[in-house]
Amino acid sequence: MSVLLTLCVVLLALATPGRGAGRWEPCTDLRPLDILAEAVPPDGTAVGVTVTQVQGARGLQLSAAAPHDLSFPASRIFFRCDLFPEEFSIVVTLKVPSLPAKKNEYLFTVMAEERDSLLLGLRYSPTQLHFLFLREDGARAWQTRVSFRGPALTDGQWHTLVLAVSEGSFSLTRDCGLPVDIMADMPFPATLSVQGARFFIGSRRRTKGQFTGLVRQLVLLPGSDATLRLCPCRTPELALLSIPPVLRGLTGKPEDSEVLKYPYETDMKVTLGSRPPCTKAENAQFWFDAGRKGLYLCVGSEWVSVLAAKERLEYVEEHQSLFTNSETLGIEVFVIPGAGLFVATANRKTTSAIYKWADGKFSSYQDIPTHQAQSWRHFTIGKKIFLAVANFEPNEKGQEFSVIYKWSQRRRRFAPYQRVLTHGARDWEAFEVSGEHFLAVANHREGSDHNIYSVIYKWSPGARLFEANQTVATSGACDWEFFTVGPYAFLAVANAFNGTSTQLQSHLYVRLGGSFQLFQSFLTFGAADWEVFHIGERVFLAVANSHRYDVKMQVQNDSYVIDSVIYELNVTAQTFVRFQEIRTCSALDWEFFSVGEDYFLVVANSFDGNTFSVNSIIYRWQGYEGFVAVHSLPTFGCRDWETFRTAAGSYLVYSSAKEPLSRVLKLRTG
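The rules behind the values
Residues numbered from 1 in each chain as written. Predicted model: local features only at pLDDT ≥ 70, side-chain atom pairs only at ≥ 80, totals over all residues. Heavy atoms only, no water. Helix = DSSP H or I, 4+ residues; strand = E, 2+ residues; numbered from the N terminus. Buried < 20%, exposed > 50% of the residue type's maximum accessible area, 1.4 Å probe, protein only. Areas by Shrake-Rupley, 256 points an atom, 1.4 Å probe, with all protein chains shown as cover. Pairing = 2+ DSSP bridges. Axes fitted to C-alpha atoms, helices over the stretch in contact; angles between N-to-C directions. Disulfide = S-S within 2.5 Å. Core = buried A, V, L, I, M, F, W, Y, C linked by side-chain atoms within 4.5 Å. Contact = heavy atoms within 4.5 Å.

Undergrad: Before we move on, could you go through the overall build of the protein chain and cite the residues and values that matter?
TA: Check the secondary structure of the protein chain and you find 3 helices and 47 strands. Each of the 670 residues in the protein chain was classed as buried or not, and the buried ones make up 53%. Of the roughly 30100 Å² of accessible surface on the protein chain, 50% is carried by carbon and sulfur atoms.

Printed below as a string of structure tokens:
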């Protein structure tokens, strides 16, 4: 399979346009042309240009500069002739602020000064990136636009884009991911004259549409696709081809005790005193807690510790007994901005519930009718907030439907949005790939047949509904787990039972060519859950094995006490290899979490063959030793674990499939 993946990577690289030999005679050297460096003096002293450091990288703030101050004649780089290359790449590294829905900003333009017309340019809106160029046919001239949808630039993060152009082919690569290719009816002109033209950086020669973000890199590479030079890269969002001298080196460190030689600022703000609110206004700002000697960063609506006295898990104590409508088969903890922290319980009987965190505890908030609900999945698409339930049993009319609910900002409640036909649904997994949203359901059985298809649905922006995109053959599927490694998207399914045995293959799929394809198979025993987690640059995948059973063998009590397995990704071999085996008691769930600098796994042990009163175990990562048991937690029919954090500290919550009682546990640290 590693050979197959390598072949697919090579084929993807060869399929990207712009890598063939060009037919044009170059007007420049075939070297990177740093357009940004041409417009900004080496010392960065251009009027209105500010050097700003954000997220560990320097960029240029250009919005205060007059458009003409950030321009230069095209003849400065097109010194052999006046024709723009027919094949080229444009490399841009930028950080874009949030924009109003209909606003557009220009990254750069090439303007014909005498006619005041745009020859070539790059602009973006909140949802699209537009490449503009002029085509001429005798006396006729018209502007052509090639638009890439959903590159997701306005998220406040650094991104590196590579636009590769080759005749009628246009390719956009973001952060060394998979390219998006467009074959346009109108190819890029072979003879675009730039005689008497000027490059304008961050504008179209006027202040309207002027670039308000940060730009770090703007490079023209004639004759080839720049992704071959940039990728793969350890930090693809900052992949480097060429940047101006003023942006190189360590930031904020004058040499020889001299003052800074260029305008410099950072958008970092530190608040002292008692805990301030963390809202949109404080986003990406710091708060220093003098009492705890900790530095915190506002992310979304939470203060996240970035520098603090080392925190260690000392012990676990019960914080709340959460009485539920009936036995709880799954739980989902989530945050709704402006509304608060919630937990949804998937209950065995006909009503499941949502609880809201208030005054340090969960309180009943909303009841939702379900049919032996197995799990909930919270996800968002843009500003829309959804909650999907996996119903295991049919409704009163004998119909098997699982339901997607949508949050109403006005009513502040979840309301039914879409019904989806499912068969013994056990789990939903929501994920995003290249700006597209997906929802995968694990169908467990149809009647008595466990060998059926599970379905991956794709969000249709036009219909505003999920539509079937791909089916995957599964055997008693219990769980999906999505994760990414570099530019690759993976989806793992836990197969639990094929009708005769729990000893069967669970599968890992990789997304190639627009669909998920088999990447690796694992021998599992009643697999109930996959959990992916990262420790440093290492990637792990843990499976919870629940039961060893075969119709040919007599059931024994010890068939529930079996090994669950942790696998680690071997990057060289391009496969997951067995890392550690842990003895579990009908394990149904793994949950990974961290406290301070320590990493932990907690397992949901549910049954040992004799009793449901089984201790679930917290394991701590100890490097070379792997995971070592450190805490033993009394549980009864434990089914699911979730972890969450509030201003008061960190918590674990578990659900019981054998009693109408879930428990919230507080992690005491020292």
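Having seen the model, we can carry on.
Undergrad: How would you sum up the sheet that holds strand β8 (residues 128-137)? Please name residues and give values.
TA: The strand order across the open sheet formed by 6 strands is β4-β13-β6-β7-β8-β9, and the pairing between neighbours is antiparallel. Two strands lie at the open edges of the sheet, namely β4 (71-73) and β9 (140-149), each paired on one side alone. Recorded for the sheet is a direction-independent mean angle of 15 degrees between the axes of neighbouring strands. Pairing geometry for strand β6 (residues 105-112) and strand β13 (residues 197-201), over 5 bridges, is antiparallel. Bridging across to β13, Val110 finds its partner in Phe199.

Undergrad: An account of the state of the cysteines is requested, with residue identities and associated values reported.
TA: Tallied over the full model, the rule gives 2 disulfides. Shown here is the disulfide that connects Cys176 with Cys231, its sulfur atoms set 2.0 Å apart. Note on the Cys176 and Cys231 pair: the S-S dihedral is about -80 degrees, so by sign convention the disulfide is left-handed. Residue Cys176 is located in the loop between β11 (169-174) and β12 (180-183), and its partner Cys231 is located in the loop between α3 (227-230) and β15 (264-266); the two are separated by 55 residues in the primary sequence. By relative accessible area, Cys176 is classed as buried at 16%. Each sulfur of the disulfide joining Cys278 and Cys298 lies 2.1 Å from the other.

Undergrad: Can you lay out the nonpolar core for me, pointing to particular residues and giving the numbers?
TA: Core analysis: the largest hydrophobic core is formed by 55 residues, its most contacted members being Leu60, Phe84, Ile90, Phe131, Phe188, Phe199 and Ile201. Not counting chain neighbours up to four residues away, the residues in contact with Phe199 comprise Ile35, Leu70, Ser71, Phe72, Ala74, Ile77, Phe78, Phe84, Phe108, Thr109 and Val110. Judged by nonpolar contacts, the second largest core, of 20 residues, contains Trp530, Val532, Val539 and Phe576.

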